[in-house]
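Survey of secondary and tertiary structure
If you want the building blocks of each chain, they are given just below.
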Amino acid sequence: MNSFESLIQNLSGVRNYSFGEGTVNFAEISAVSAGLDLVFREIDTLLREGFLCTAQSYGLSKIEETFSKERSDLPNATRREMLIARSLLNCNDFTREGVKRILASLGATGRLSESATTGSLVIYIGDRGFTEGDKSFIRSQLSVLLPAHLTLEIFFSSMNWQSIEERNVTFSSIEAKNYTWEYIDSM
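First, a word on what this report is: a plain description of the structure on this page. (Residues numbered from 1 in each chain as written. Predicted model: local features only at pLDDT ≥ 70, side-chain atom pairs only at ≥ 80, totals over all residues. Heavy atoms only, no water.)

Quick word on helix α2 (residues 24-49)
Over its 26 residues, α2 runs 38 Å from end to end, which matches the ideal 38 Å to within 8%, given 1.5 Å per residue. For α2, the full list of buried residues reads Ile29, Ser33 and Glu49. Elements that come into contact with the buried residues of α2 comprise α1 (3-11) and α3 (58-67). (Helix = DSSP H or I, 4+ residues; strand = E, 2+ residues; numbered from the N terminus. Expected span 1.5 Å × (residues − 1). Buried < 20%, exposed > 50% of the residue type's maximum accessible area, 1.4 Å probe, protein only. Contact = heavy atoms within 4.5 Å.)

Written as structure tokens, this is what we have:
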């Protein structure tokens, strides 16, 4: 039931008014209901955008801006997943699993290792078609989210088991080219 029908129904019990088309009362109720319909639509939008699970436009953008920057280039479902992962981070997320959760909050996955020679945390991020801007964003957010004393080495690589199998490449064919691990990781 819209606001016009609701007003007519509620006022019909007051027998002093005539609500036939063309009457002043009909015109007034029509004008009031048009204004109420605008307000109701805005309230519905506010309710939708005010919650992460239902937000579709500016609600997602405002929450993203709270954490870092708006990611309108991504699908809403991905944006929600990243925001949920980000909101679940806490001060105990500096373990191996915690760093993986931090990566998930940035829309990335990766492998972690420690470099004994440099004493740094090495993060190999599987490249999902990240643009240079995406890579820069991920690097900057990792430096913000991880402890300041950590030296980070971050590599983006499209080389993984699935891509090797899809290319039908064997170890002997790779070894014949004398690639180093650094070169393979940069592929």
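Considerations on α3
When we look at burial in α3, the residues that qualify are Gly59, Leu60, Ser61 and Glu64. Elements that come into contact with the buried residues of α3 comprise α2 and α4 (76-87).

Looking at the layout of surface pockets
Here the second largest pocket is characterised by a volume of approximately 240 Å³. Taken together, 14 residues form the lining of the second largest pocket, with Leu74, Thr78, Met82, Gly107 and Arg128 sitting closest to its centre. Only α4 and α6 (132-145) provide two or more residues apiece to the lining of the second largest pocket. Counting residues per element, the lining of the second largest pocket draws most heavily on α4, which supplies 4 residues. Residue classes in the lining of the second largest pocket are distributed as 7 nonpolar, 3 polar and 4 charged. (1 Å grid on protein atoms, 1.4 Å probe; cavity = no way out; pocket = protein on both sides within 12 Å on 5 of 7 lines; lining within 4 Å. Points joined across faces, edges and corners; volume = space filled by probe spheres on them. Nonpolar A, V, L, I, M, F, W, Y, C, P; charged D, E, K, R; others polar.)

Re the packing of aromatic side chains
Applying the stated rule across the entire model yields 3 aromatic pairs. Between the aromatic rings of Tyr124 and Phe155, the centroid separation amounts to 5.5 Å while the plane-to-plane angle is 20°, which identifies the pairing as stacked. Residue Tyr124 is located in strand β2 (residues 120-126), and its partner Phe155 is located in strand β3 (residues 152-157); the two are separated by 31 residues in the primary sequence. Residue classification places Tyr124 among the buried residues on the basis of a relative accessible area of 18%. Look at Phe130 and Phe156: their rings are 5.9 Å apart centre to centre, the planes differ by 75°, and that puts the pair in the edge-to-face class. Here Phe130, found in the loop between β2 and α6, pairs with Phe156, found in strand β3; they are 26 residues apart in sequence, far enough to count as distant. The positively charged end of Arg111 is found above the aromatic ring belonging to Tyr124, 4.5 Å away from the centroid. (Phe/Tyr/Trp six-rings, centres within 6.5 Å; stacked < 30°, edge-to-face > 60°. Lys NZ or Arg CZ within 6 Å of the ring centre and 35° of its normal.)

Comments concerning the nonpolar core
Judged by nonpolar contacts, the single largest core of 17 residues is most densely connected at Leu103, Leu106, Ile123, Ile125, Ile138, Leu142 and Leu146. If you list the elements that add at least two residues to this core, you get α5 (96-105), β2, α6 and β3. Sort the elements by how many residues they give to this core and α6 lands first, with 4 residues. When neighbours within four sequence positions are excluded, Leu142 is seen to be in contact with Ile102, Leu103, Leu106, Ile123, Ile125, Leu152 and Ile154. (Core = buried A, V, L, I, M, F, W, Y, C linked by side-chain atoms within 4.5 Å.)

A short note on the sheet that holds strand β1 (residues 110-115)
Strand order in this open sheet of 3 strands is β1-β2-β3, and the pairing throughout is mixed. Of all strands in the sheet, those with a lone pairing partner are β1 and β3, marking the two edges. Each strand of the sheet is rotated relative to its neighbour by a mean of 20°, with strand direction disregarded. Where α5 meets the sheet, it contacts β1 and β2, and its direction lies at approximately 135° from that of β1. Together, β2 and β3 form the strand contacts of α6, whose direction differs from that of β3 by roughly 155°. (Pairing = 2+ DSSP bridges. Axes fitted to C-alpha atoms, helices over the stretch in contact; angles between N-to-C directions.)

A look at the pattern of salt bridges
Applying the stated criterion to the full structure yields 6 salt bridges. A salt bridge links Arg79 to Glu64; its shortest N-O distance comes to 2.7 Å. With Arg79 in helix α4 and Glu64 in helix α3, the pair connects residues that are 15 residues apart, well separated along the chain. The exposure class assigned to Arg79 is buried, which follows from its relative accessible area of 5%. Judged by its relative accessible area of 4%, Glu64 falls in the buried class. Among the salt bridges present, the one from Asp134 reaches Arg71, with a minimum N-O distance of 3.1 Å. On the criterion of sequence distance, the pair formed by Asp134 in helix α6 and Arg71 in the loop between α3 and α4 is long-range, its members being 63 residues apart. Residue classification places Asp134 among the buried residues on the basis of a relative accessible area of 14%. (Salt bridge = Lys/Arg side-chain N within 4 Å of Asp/Glu carboxyl O.)

Geometric values such as these leave the question of function open.
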